[in-house]
Amino acid sequence: KKLMIREKAGIHCSIDGPQFIQDKNRPFKNGRGSFNRVLKKIDLALQISPQDTARATITPYSSHYLPEITSFLFEKGFKKAGLFPAYNMDWKDEDYAAWAKGINEAYQIAASQKKMISTVLKGKMAGNKNFTYCGAGRGLWAFDTEGRLFSCHHQTNQPEYQLINAAEATQE
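Presented here is a report on the structure given in the accompanying data block. (Residues numbered from 1 in each chain as written. Predicted model: local features only at pLDDT ≥ 70, side-chain atom pairs only at ≥ 80, totals over all residues. Heavy atoms only, no water.)

Counting its regular elements, the protein chain contains five helices and seven strands. Starting at the N terminus and ending at the C terminus, the protein chain contains elements arranged as α-β-α-α-β-α-β-α-β-β-β-β. By the burial criterion, 36% of the 172 residues in the protein chain qualify as buried. Accessible surface for the protein chain amounts to roughly 10,600 Å². Of this, 52% is attributable to carbon and sulfur atoms. (Helix = DSSP H or I, 4+ residues; strand = E, 2+ residues; numbered from the N terminus. Buried < 20%, exposed > 50% of the residue type's maximum accessible area, 1.4 Å probe, protein only. Areas by Shrake-Rupley, 256 points an atom, 1.4 Å probe, with all protein chains shown as cover.)

Quick look at the structure:
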């Protein structure tokens, strides 16, 4: 923790929203939800990096709850929320409509609290323009709930890509 504070490490906390969404999106192998485990780490993340961004993966299901997700993330202390759609899923027209309505409401919530949200759109959401941004190798890193560091959040379930295990490192 002290090393990360001293080096001014930025943290990108991956949490998809309130418990009913987080547990649906990110269950452990045994089927149990991950919400309580992630929730315990938010305060530490914000101590290390007070300007931390909460990164929520938005599924067709959770696209119907964007205002609730945004409010939840801000209530937990985040000043920035990234709402990023999962594109490898079956999005129906009503999900796109919920996204369009919800992202507008999320921006209004953020503006009223002087906070920020960000997103990346592609495919139908961006008028069929192929645009995406990847921060891997550009200063964005991912820690999993076990303290393992990866260069990309897509690798966190693949231990062979682990760069270091902070939980096993000596504390300064």
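The subject of this paragraph is the sheet that holds strand β2 (residues 53-58). Spatially, β1-β2-β3-β4 is the arrangement adopted by the four strands of the open sheet, whose pairing is parallel. A strand with exactly one partner marks an edge of an open sheet, and here the two such strands are β1 (12-14) and β4 (116-118). Between one strand axis and the next, the sheet turns through 25° on average, direction left out of account. In this fold helix α4 (residues 66-75) packs onto β2, β3 (80-85) and β4, with an angle of close to 145° to the strand it touches most, β3. (Pairing = 2+ DSSP bridges. Axes fitted to C-alpha atoms, helices over the stretch in contact; angles between N-to-C directions. Contact = heavy atoms within 4.5 Å.)

This part is about the packing of aromatic side chains. For the structure on display, the rule yields four aromatic pairs. Judged by centre distance (5.4 Å) and plane angle (50°), the rings of Y61 and Y65 are tilted. The partly exposed category is assigned to Y61, whose relative accessible area is 33%. These aromatic residues form a ring-pair network of at least three members: F20, Y61 and Y65. The ring of Y61 has K24 lying over it, and the distance from NZ or CZ to the ring centre is 4.9 Å. (Phe/Tyr/Trp six-rings, centres within 6.5 Å; stacked < 30°, edge-to-face > 60°. Lys NZ or Arg CZ within 6 Å of the ring centre and 35° of its normal.)

On to the pairing of β2. In terms of burial, β2 is largely enclosed, as six of its six residues are buried. The alternating pattern of β2 places T53, R55 and T57 on one face and A54, A56 and I58 on the opposite face, and all of these are buried. With three bridges connecting them, β1 and β2 associate as parallel partners. The residue bridging S14 from the neighbouring strand is R55, located in β2. Pairing analysis gives six bridges linking β2 to β3, with the strands arranged parallel. Residue I58 lies in a different strand from β3, and its bridge partner there is P85. Handedness of the crossover joining β2 and β3 through α4: right-handed. (Right-handed = clockwise from strand over helix to strand, strands pointing away.)

Here N88 is to be found in the loop between β3 and α5 (93-112). For the pair N88 and T59, spaced 29 residues apart in sequence, the C-alpha separation works out to 9.3 Å.

The next subject is the side chain of R55. Mapped onto the elements, R55 comes out in strand β2. There is no salt bridge for the buried R55, and the closest opposite charge comes from D16, which lies 5.5 Å off by N-O distance. Of note is the side chain of R55, whose polar atom sits 2.6 Å from the side chain of T57. (Lys, Arg positive; Asp, Glu negative; His and termini not counted. Salt bridge = Lys/Arg side-chain N within 4 Å of Asp/Glu carboxyl O. Polar contact = N/O pair within 3.5 Å; in protein donor to acceptor, adjacent residues only side chain to side chain.)

A few words now on the pattern of salt bridges. Counting across every chain of the model gives three salt bridges. A salt bridge links D90 to K92; the shortest N-O distance between them is 2.5 Å. On the accessibility criterion, D90 (55% relative accessible area) is exposed. Judged by its relative accessible area of 37%, K92 falls in the partly exposed class. K101 is paired through a salt bridge with E105; the nearest N and O atoms lie 2.8 Å apart. Separated by four residues within a single helix, K101 and E105 lie in helix α5, roughly one turn from each other.

Read these as layout, nothing more, since geometry by itself doesn't imply function.
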